[in-house]
Amino acid sequence: MSAHTHWHQVFRTSKLISGLVLAGSIALLSGCSWFSKDDSDKVDLSDPTISAAQLYDEATQAMHEADYGTAIKKFETLEGRYPFGAYTEQAQLEVAYAYYKYDEPDSAIAAADRYIQLHPQGKSVDYALYLKGLANMDRGDSLLNRIAKPDLAYRDQSILKNAFQAFAELVKRYPDSRYTTDASLRLVKIRNYLAEHEIYVAKYYMRRGAWLAAANRAQTALTDYNGSRATIPALKILIEAYTKLGLTTEANDAEQVLKATLDANKRPEAKS
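Residues numbered from 1 in each chain as written. Predicted model: local features only at pLDDT ≥ 70, side-chain atom pairs only at ≥ 80, totals over all residues. Heavy atoms only, no water.

Caption draft 1: Structural view of the overall build of the protein. Across its full length, the protein carries 14 helices and zero strands. Starting at the N terminus and walking to the C terminus, you meet the elements of the protein as α-α-α-α-α-α-α-α-α-α-α-α-α-α. Pairs at least 24 residues apart make up 56% of the contacts formed inside the protein by residues separated by at least 6 positions. Roughly 16100 Å² of accessible area belongs to the protein as shown, and the carbon and sulfur atoms make up 53% of that amount. (Helix = DSSP H or I, 4+ residues; strand = E, 2+ residues; numbered from the N terminus. Contact = heavy atoms within 4.5 Å. Areas by Shrake-Rupley, 256 points an atom, 1.4 Å probe, with all protein chains shown as cover.)

This is the structure:
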């Protein structure tokens, strides 16, 4: 709601003294010139003479003030009017971040993808990939999710896989990027989440006596996410599932691997 709309409603609904009501009425009749523009809109976007530099400066100022809606509007206006200008490439990148901060992850991802497509050799592709990964991790969060912060392992795994792909591409293509260290840490976390999801599903099958399906899920956790924190739970599920299936040799093999894994975790170097 704009400042003009807000105060207009106050003037209409508040039972103020007659002088203030009269002053409000006069202001309304005169076009409310003192509220003619939203405080965040220092320029009239309908004015075709506004320069790219002015749009960029005011969009950047809006970003600093966490007014991401205004920043998005001005960055997109800049790109639309000056598609080949000096500020355009940076505006295309900044709008992706603005969407991310504005809790619009789908739009942030689309903007990041667009930047990468338009500027495959751009100086900030690493940042676009990093932002794409972050936005994918936040995608699909409802208000309840943001409050409760449920375990990512139980969410839509395609979202996590998209985040993994973006971070993995960043690490591979830009090993010296300032974002690579954090992206690498996030890759480890996502890998653990994906492995834990396989365990989550395997336990579901175990509760229903679907031993083969459970064993397959546990095996996926071991082969696709080798070394994750789901390794020990996966081996325990394999042992039980193979035993239920009468696969004695396979159960014994899994038990040997479990013992070796537990012994390795007890070593001093494993704890360092």
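Caption draft 2: Summary view of helix α7 (residues 125-138). For α7, which comprises 14 residues, the first-to-last C-alpha distance of 20 Å matches the rise-based estimate of 20 Å (1.5 Å per residue) to within 8%. With 12 of 14 residues buried, α7 lies mostly within the body of the structure. Considered for burial, the residues of α7 that qualify are V125, D126, Y127, A128, L129, Y130, L131, G133, L134, A135, N136 and M137. On the buried face of α7, the contacting elements are α5 (88-101), α6 (105-118), α9 (157-173) and α10 (180-207). (Expected span 1.5 Å × (residues − 1). Buried < 20%, exposed > 50% of the residue type's maximum accessible area, 1.4 Å probe, protein only.)

Caption draft 3: Up close: the packing of aromatic side chains. Per the counting criterion, the structure on display carries six aromatic pairs. Where Y130 meets F167, the ring centres are 6.1 Å apart and the plane angle is 55°; that geometry is what we call tilted. With Y130 in helix α7 and F167 in helix α9, the pair connects residues that are 37 residues apart, well separated along the chain. Within the aromatic cluster, the residues linked to one another by ring pairs are Y127, Y130, F167 and Y179. (Phe/Tyr/Trp six-rings, centres within 6.5 Å; stacked < 30°, edge-to-face > 60°.)

Caption draft 4: The arrangement of the side chain of H119 in detail. Looking at where H119 falls in the secondary structure, it is placed in the loop between α6 and α7. According to the relative accessible area criterion, H119 is buried, its value standing at 18%. A distance of 2.6 Å separates a polar atom in the side chain of H119 from a polar atom in the side chain of Q92. Setting aside chain neighbours within four positions, we find H119 in contact with E89, Q92 and V125. (Polar contact = N/O pair within 3.5 Å; in protein donor to acceptor, adjacent residues only side chain to side chain.)

Caption draft 5: Fine view of helix α13 (residues 248-266). With 19 residues, α13 extends 27 Å from end C-alpha to end C-alpha; this agrees with the ideal 27 Å at 1.5 Å per step. Those residues of α13 lying buried are A251, A254 and L258. Projected onto a plane normal to the axis of α13, the buried residues spread over an arc of 65° and lie on a single side. The inward-facing, buried residues of α13 contact α12 (231-244). (Arc of directions from axis to C-beta.)

Caption draft 6: Local environment of the packing of α10 against helix α11 (residues 211-224). Viewed as axis vectors pointing N to C, α10 and α11 meet at an angle of 170°, and their least axial separation amounts to 7 Å. As far as their axial angle goes, α11 and α10 are roughly antiparallel. The two elements α10 and α11 meet at a crossing, and its hand is left-handed. For the pair α10 and α11, contact is made by R191, A195, E198, I199, V201, A202, Y205 and M206 and by W211, A213, A214, R217, A218, T220, A221 and D224, respectively. A class-by-class count of the residues in the contact of α10 with α11 yields 11 nonpolar, one polar and four charged. (Axes fitted to C-alpha atoms, helices over the stretch in contact; angles between N-to-C directions. Parallel < 35°, antiparallel > 145°, perpendicular 65-115°, else oblique. Left-handed = near helix turned anticlockwise from the far one by under 90°. Nonpolar A, V, L, I, M, F, W, Y, C, P; charged D, E, K, R; others polar.)

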